[in-house]
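Structure assessment
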Amino acid sequence: MQSFVFYDGPSALDGAPIIGIAVLRSDNRKTGDMVQTYILRADTHPVDALRDGSDASICGDCQHRRDSATGVRTCYVNVGQSVAAVFGAWTRGAYPLIDPAIGADRLAGRAVRLGTYGDPAAIPAHVWRALLARAAGHTGYTHQWRQPVAIQLRDIVMASADSAFDRDVARALGWRTFRVRTESETLAAREIVCPASPEGGDRRQCITCQACDGAGANPSRASIAIIVHGPAARAFERVRAIA
């Protein structure tokens, strides 16, 4: 079945034109074969958006975006690979535009990853709810949890926390959290190791775990933490040391 565009409209973050694309197949080892969703500027190649700062339309004020002064970027997503490939396929007309309520039929029985690239808060909450109506679960994360625009997503996505302070503030606001930590940082009460991580023994994939599905009706459920990994790990640790 064909992947598709489920949103083509203004960013909920700044009003710029963006698109949301659901890619139905994935070979991501951590997540498993979840439906992957990409949130992109509709008018700018993602590599250019990263460089000129217009990725704020889809990433908001996330601290892992490229710093224009230093050039340092701690986001783990390699925009020049899968993200650029998805954008290129869209420009060639590979993905039809489908109403999210109809798109939900294509996702029936599938697990969905909200924001494989881009922050879910960039797309209106009602679009996500329509898209997920028949899904067999989901995962999602937002760095925009401090912003009013993200509140309607609190029950379906995690607050991305980059420190213990972020975690505590987000929890106080009713969010469950997904915290990136350094190896020397310990877990807090009601915080568990991500089971799809090396430190968690890689015993689960996101598709079978789905613990990162937001607060739901019970925000007191355990939050998740993972040790920083991947190519951006050293940069992340340097930034944390300076802070």
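Just so we're clear, the structure is a prediction, and the values are computed from it rather than from any experiment.

Conventions adopted
- Per-chain numbering applies: the sequence of each chain, read as written, is numbered from 1 onward.
- Two thresholds apply to this predicted model, a pLDDT of at least 70 for residue-level local features and 80 or more for giving and counting side-chain atom pairs, whereas whole-chain, interface and lining totals are computed over all residues.
- Only hydrogens and water are set aside when side-chain values are computed; all heavy atoms of the structure are taken into account.
- When DSSP finds at least two bridges between two strands, those strands are taken to pair.
- Note on conventions: DSSP H or I runs of at least 4 residues are helices, E runs of at least 2 residues are strands, and numbering of each starts at the N terminus.
- To get an axis, fit a line to the C-alpha atoms, keeping to the stretch in contact for a helix; angles then go from 0 to 180 degrees between the N-to-C directions.
- Two residues qualify as a contact provided that any one of their heavy atoms is within 4.5 Å of a heavy atom in the partner residue.
- Accessible area is worked out with a 1.4 Å probe on protein chains only. A residue is then buried under 20% of its type maximum, exposed over 50%, and partly exposed in between.
- Throughout, the arc means that of the directions going from the helix axis to the C-beta atoms.
- In this text, buried Ala, Val, Leu, Ile, Met, Phe, Trp, Tyr and Cys residues form a nonpolar core when linked through side-chain atoms within 4.5 Å.
- For this analysis, a polar contact is any N or O atom pair within 3.5 Å, provided that within protein one partner can donate a hydrogen and the other can accept it, and provided that sequence-adjacent residues contribute only side-chain to side-chain pairs.

1. Some thoughts on the sheet that holds strand 1 (residues 4–10)
Two pairing modes exist for strands in a sheet, parallel and antiparallel, and in both the strands are linked by backbone hydrogen bonds. Taken in spatial order, the nine strands line up as 1-2-3-4-5-6-7-9-8 in an open sheet, and their pairing is mixed. Only two strands of the sheet have a single neighbouring strand rather than two, namely strand 1 and strand 8 (191–193). Each adjacent strand pair in this sheet contributes to an overall mean axis angle of 30°, direction not counted. Bridging between strand 1 and strand 2 (residues 17–23) involves six bridges; their strand directions are antiparallel. Bridged to Tyr-7 within strand 2 is Gly-20. Along the sheet face, helix 3 (residues 79–91) touches strand 1, strand 2, strand 3 (35–41) and strand 4 (112–117) and points at about 80° away from the line of strand 3. Against the sheet, helix 6 (residues 164–172) contacts strand 6 (158–161), strand 7 (177–181), strand 8 and strand 9 (223–227), and its axis sits at roughly 175° relative to strand 7.

2. Here we look at the environment of Pro-10
Assignment of secondary structure puts Pro-10 in strand 1. Residue Pro-10 is classed as partly exposed on the basis of its relative accessible area, which comes to 48%. Residues Pro-10 and Cys-62 lie 52 residues apart in sequence; the distance between their C-alpha atoms is 19 Å. Excluding residues within four positions of it along the chain, Pro-10 makes contact with Gly-15, Ala-16, Ile-18 and Ala-122.

3. Some words on helix 6
When helix 6 is considered as a whole, its buried residues turn out to be Asp-166, Arg-167, Ala-170 and Arg-171. Down the axis of helix 6, the buried set is contained in an arc of 125°. They therefore lie on one face. The exposed residues of helix 6 that point more than 90 degrees off its buried face are Phe-165 and Ala-172. As for helix 6, its buried residues are in contact with strand 6, strand 7, strand 8 and strand 9. Directly beyond the C-terminal end of helix 6, a positive phi value near 95° is found at Gly-174.

4. A closer look at the nonpolar core
Counting 46 residues, the largest nonpolar core has Phe-6, Ile-21, Leu-40, Tyr-117 and Trp-128 as its most contacted members. Among the secondary structure elements, those contributing two or more residues to this core are strand 1, strand 2, strand 3, helix 2 (56–59), helix 3, strand 4 and helix 5 (125–131). Among the elements that line this core, the one with the most residues is helix 3, at six residues. Ignoring anything within four residues of it in the chain, the contact list for Trp-128 reads Phe-6, Thr-37, Ile-39, Leu-114, Gly-115, Pro-120, Ile-123, Leu-153 and Ile-156. Formed by 12 residues, the second largest nonpolar core is a distinct cluster that contains Met-158, Cys-206, Ile-224 and Ile-226.

5. Focus on the side chain of Asp-162
Residue position: Asp-162 is located in the loop between strand 6 and helix 6. A relative accessible area of 4% places Asp-162 in the buried class. In this structure the side chain of Asp-162 is engaged in a polar contact, spanning 2.8 Å, whose partner is the side chain of His-64. For Asp-162, the side chain forms a polar contact with the side chain of His-143, separated by 2.9 Å.

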